[in-house]
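Survey of secondary and tertiary structure
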Amino acid sequence: MPLPLSVGEKVKMKKKHPCGGDVFTLQRVGADIRASCDTCGSHIRMPRRDFEKRIKKIEGAEVDSSPDRGKELEKGAD
Ligand SMILES: [Zn+2]
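None of the values given here were measured: they were computed from a predicted structure.

Concerning the nonpolar core
Grouped together as the largest cluster of nonpolar side chains are eight residues: Leu5, Val11, Phe24, Val29, Ile33, Ala35, Cys37 and Phe51. Of all the elements in the fold, those that place two or more residues in this core are strand 2 (23-29) and strand 3 (32-37). Looking at this core element by element, the count peaks at three residues for strand 3. Dropping the residues within four chain positions of it, Cys37 is found in contact with His17, Cys19, Gly21, Phe24, Ser42 and Ile44.

Below you can see the structure in the form of structure tokens.
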């Protein structure tokens, strides 16, 4: 089941980045996810299904209270 990821959201990952940070900001959401580490600023990229498996928590996204689906996902077209 795809997670409701949107560009600009912060996610906490199960596995820490080598720098010690575990919060990433989504830069691009498509078949691949690109995100930047909030701690060191470096970028990571991986297939969305792999990325979703590694997410521990979506910060700033209301996943538990609102069933509202008005959010649109940005989809890269290249
Ligand atoms: Zn980092």
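A look at the environment of Pro47
You can see Pro47 is positioned in strand 4 (residues 43-47). By C-beta crowding, Pro47 is classed as exposed, having 11 other C-beta atoms within 10 Å. Distance from Pro47 to Ala31, taken between C-alpha atoms, is 6.2 Å for residues 16 residues apart in sequence. Beyond its immediate chain neighbours, meaning those up to four positions away, Pro47 contacts Ala31 and Asp32.

Some words on the sheet that holds strand 4
Ordered in space as 4-3-2-1-5, the five strands form an open sheet in which the pairing is antiparallel. In this open sheet, the two edge strands, each paired with only one partner strand, are strand 4 and strand 5 (55-59). Taken pair by pair, the neighbouring strands of this sheet meet at an average axis angle of 35°, ignoring direction. Across five bridges, strand 3 lies against strand 4 in antiparallel orientation. The partner of Ala35 across the bridge, within strand 4, is Ile44.

The rules behind these values
- Residues numbered from 1 in each chain as written.
- Predicted model: local features only at pLDDT ≥ 70, side-chain atom pairs only at ≥ 80, totals over all residues.
- Core = buried A, V, L, I, M, F, W, Y, C linked by C-beta atoms within 7 Å.
- Buried ≥ 20, exposed ≤ 12 C-beta atoms within 10 Å, placed from the backbone.
- Helix = DSSP H or I, 4+ residues; strand = E, 2+ residues; numbered from the N terminus.
- Contact = placed C-beta atoms within 7 Å.
- Pairing = 2+ DSSP bridges.
- Axes fitted to C-alpha atoms, helices over the stretch in contact; angles between N-to-C directions.

Scope: geometric values only; no functional claims are made or implied.
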